[in-house]
Amino acid sequence: MKLLVTGGAGFIGSNFVIYMLQQHPNYQIVNVDALTYAGNLENLKSIENHPNYSFVKADITDAQAIDQIFQQGIDIVVNFAAESHVDRSILEPEVFVKTNVLGTQVLLDASKRYGVTKYVQVSTDEVYGSLGETGLFMESTPLEPNSPYSASKAGGDLLVRAYHETFGLPVNITRCSNNYGPYQFPEKLIPLIISRAMSDQALPIYGDGLNIRDWLYVEDHCSAIDLVIHEGRVGEVYNIGGNNERTNLHIVKTILQELNKPESLITYVEDRLGHDRRYGIDPTKLVQELGWKPKHNFETGIKETIQWYLNNKDWWTRIQSGEYQGYQITQYGER
Ligand code: NAD
Ligand code: DAU
């Protein structure tokens, strides 16, 4: 079985490549990544010489390069490659549309041409928009994306749906809540707060800090995708989440407590434009149909994650030292 993983040098993609090599020792994995600012081959050091692993540097919007990769004979595609950061999408929407919409279409076209047995689109709960105080996102919840990032992901999802309806491509779409764990780029809330708190820098909290995200340990996301690849009913969408809703302020205070740092580091800053108030996933379909069960409890998972960043300071200081072009681009100027 030959599995094409796109975006495998990013946070979730690299965890997924490592997970799949462990779970399926006979699978060959081809990792295709453009190595944007978020792609980091250091994440894959532990498996770079694995006989069943190979890496190709290519952009998913480059139809010719992608065609060449499919000529090797690809059975399954899992598309993680994306521009993934909401704040960047507010500053520079164009590249989000290119990668997340056009890139998806290029992959779908190649998958159709070469007749893959399964195409899995790794999407996000952000396509559903924002929840009020009650209720959860179901697979049937209408798509109401609010940021250029989530709109571009929704565009990708709709193309995936269309390639299934029009051409019969065997697809699944997964929509997961916020991930945390090792190798997350330190522009995202949890690694940003850990790294800044460790060096006693101010911790930027957007708005009132009471926005809610539903957190899932990255390995549990990987196990869900593995199940969807193999057991997911063709054409279906599966929500992924572990019922771990927390306010941003709760997350930041937990990190400060764990690191023994003062709450005076918390600094309220201007709110994110169009900031979604609350996300909450109903994973019942995945649990009941496919028997998925997350392994990680949030309270222990967050502690393990903090410990990982403490143990791997070199990994994130290299990123922050500017070796990875573009780290400084944020809505709020240089960090
Ligand atoms: P990330 O930004 O850490 O990694 C993205 C990877 O894609 C990088 O390695 C980057 O180099 C690569 N990439 C970007 N543009 C590319 C292009 N044009 N061609 C080839 N490669 C390209 O992102 P992540 O947090 O690991 O997210 C991975 C996927 O999961 C995304 O599709 C995202 O929408 C989705 N997702 C993320 C979360 C989360 O909490 N992080 C939750 C749900 C879904
Ligand atoms: O829900 C899934 C999504 O989760 C994924 O699709 C995205 O790719 C991923 O980036 C993530 O999006 P969020 O916008 O939820 O994640 P982020 O880490 O950027 O922010 C989490 C929350 O923390 C959000 O409410 C904004 C807030 N925040 C974030 C940063 C970076 C702050 O208050 N301060 C900050 O400095």
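Residues numbered from 1 in each chain as written. Chains lettered and ligands numbered in written order. Predicted model: local features only at pLDDT ≥ 70, side-chain atom pairs only at ≥ 80, totals over all residues.

Caption draft 1: Representation of the overall build of the protein chain within the structure. A tally of helices and strands in the protein chain yields 11 helices and 12 strands. For the protein chain, the C-alpha radius of gyration of 19 Å lies close to 20 Å, the compact-globule estimate for 335 residues. Considering only intrachain contacts with a sequence separation of at least 6, the fraction spanning at least 24 residues in the protein chain is 82%. (Helix = DSSP H or I, 4+ residues; strand = E, 2+ residues; numbered from the N terminus. Rg over C-alpha atoms; globule rule 2.2 N^0.38 Å. Contact = placed C-beta atoms within 7 Å.)

Caption draft 2: Expanded view of the pairing of strand 10 (residues 237-240). The alternating pattern of strand 10 places Val237 and Asn239 on one face and Tyr238 and Ile240 on the opposite face, and all of these are buried. Where strand 6 (residues 171-176) and strand 10 come together, four bridges link them in parallel fashion. Residue arginine 175 lies in a different strand from strand 10, and its bridge partner there is asparagine 239. (Buried ≥ 20, exposed ≤ 12 C-beta atoms within 10 Å, placed from the backbone. Pairing = 2+ DSSP bridges.)

Caption draft 3: Spotlight on the UniProt feature "domain: NAD(P)-binding" (unreviewed entry) in the protein chain. If you check UniProt for "domain: NAD(P)-binding" (unreviewed entry), the listed places come out as residues 4-305 in our numbering. The span residues 4-305 is 40% helical and 18% strand by assignment, and the distance between its end C-alpha atoms comes to 28 Å. (UniProt positions renumbered as here; feature names shortened; annotations may be inferred.)

Caption draft 4: Geometry of the site of ligand 1. Around ligand 1 there are 30 residues in total, and Gly7, Gly10, Ala38, Gly39 and Ala82 lie nearest to it. Listed by contribution, the elements that provide at least two residues to the shell around ligand 1 are helix 1 (11-23), helix 4 (93-114), strand 5 (118-124) and strand 7 (178-180). Sorting elements by how many residues they give to the shell around ligand 1 places helix 1 first, with three residues. Of the residues contributing to the shell around ligand 1, the split by class is 13 nonpolar, 13 polar and four charged. (Near = placed C-beta within 6 Å. Nonpolar A, V, L, I, M, F, W, Y, C, P; charged D, E, K, R; others polar.)

Caption draft 5: Fine view of the packing of helix 4 against helix 5 (residues 148-167). Packing of helix 4 against helix 5 brings their axes to within 8 Å, and their N-to-C directions diverge by 15°. On the basis of the axis angle, helix 4 is roughly parallel to helix 5. The crossing of helix 4 and helix 5 is right-handed. On the side of helix 4, the interface is formed by Pro93, Phe96, Val97, Asn100, Val101, Thr104, Gln105, Leu108 and Lys112, while helix 5 contributes Pro148, Tyr149, Ser152, Lys153, Gly155, Gly156, Leu159, Val160, Tyr163 and Phe167. (Axes fitted to C-alpha atoms, helices over the stretch in contact; angles between N-to-C directions. Parallel < 35°, antiparallel > 145°, perpendicular 65-115°, else oblique. Left-handed = near helix turned anticlockwise from the far one by under 90°.)

Caption draft 6: Region of the structure containing the site of ligand 2. By nearness alone, 19 residues border ligand 2, and Ser84, Thr124, Lys188, Leu189 and Tyr206 come closest of all. Within the residue set of the shell around ligand 2, elements represented by two or more residues are helix 6 (189-198) and strand 8 (203-206). If you tally residues by element for the shell around ligand 2, the top one is strand 8, at three residues. Tallied by class, the residues present in the shell around ligand 2 amount to seven nonpolar, seven polar and five charged.

Caption draft 7: Quick peek at the confidence of the model for the protein chain. For the protein chain, per-residue confidence averages 96 on the pLDDT scale, and 96% of positions sit at 70 or higher. Low pLDDT (under 50) marks residues 331-335, which in the prediction has nine contacts with non-local residues, meaning those over four places away or in another chain. With a pTM of 0.98, the predicted complex shows an ipTM of 0.99. (pLDDT = per-residue confidence, 0-100.)

Caption draft 8: Examining the sheet that holds strand 7 more closely. An order of 7-9-11 is seen for the three strands of this open sheet, with the pairing classed as mixed. Sheet topology places strand 7 and strand 11 (245-247) at the edges, where each strand pairs with a single neighbour. Taken pair by pair, the neighbouring strands of this sheet meet at an average axis angle of 50°, ignoring direction. As judged from the three bridges shared by strand 7 and strand 9 (residues 212-217), these two strands associate in the parallel manner.

Caption draft 9: Region of interest: unusual backbone geometry. Within the chain, leucine 35 stands out as a residue other than glycine whose phi angle is a positive 55°. Of note in the backbone geometry, tyrosine 183 takes a positive phi value of approximately 70° without being a glycine.

Caption draft 10: Looking closely at the nonpolar core. In this structure, Val17, Val77, Val78, Ile193 and Ile225 are the most contacted members of the largest nonpolar core, which totals 80 residues. The leading source of residues in this core is helix 1, at seven residues. In contact with valine 78, other than residues within four places in its own chain, are Leu3, Val5, Val120, Val122, Ile225 and Ile229. (Core = buried A, V, L, I, M, F, W, Y, C linked by C-beta atoms within 7 Å.)

Caption draft 11: Molecular detail of the sheet that holds strand 2 (residues 28-33). Read from one edge of the open sheet, seven strands run 3-2-1-4-5-6-10, paired in parallel fashion. The open sheet has two free edges, formed respectively by strand 3 (53-57) and strand 10, since each of these has just one partner strand. Pairwise comparison of adjacent strand axes, ignoring direction, gives a mean angle of 20° for this sheet.

Caption draft 12: Geometry of the environment of histidine 296. Examined against the element boundaries, histidine 296 turns out to sit in the loop between helix 9 (284-290) and helix 10 (298-311). Take histidine 296: there are 21 C-beta atoms within 10 Å of it, and that puts it in the buried class. Through-space distance from the C-alpha of histidine 296 to that of aspartate 220 is 7.1 Å; in sequence the pair is 76 residues apart. Ignoring any residue separated from it by four or fewer positions in sequence, one finds histidine 296 in contact with Tyr217, Glu219, Asp220 and Gly301.

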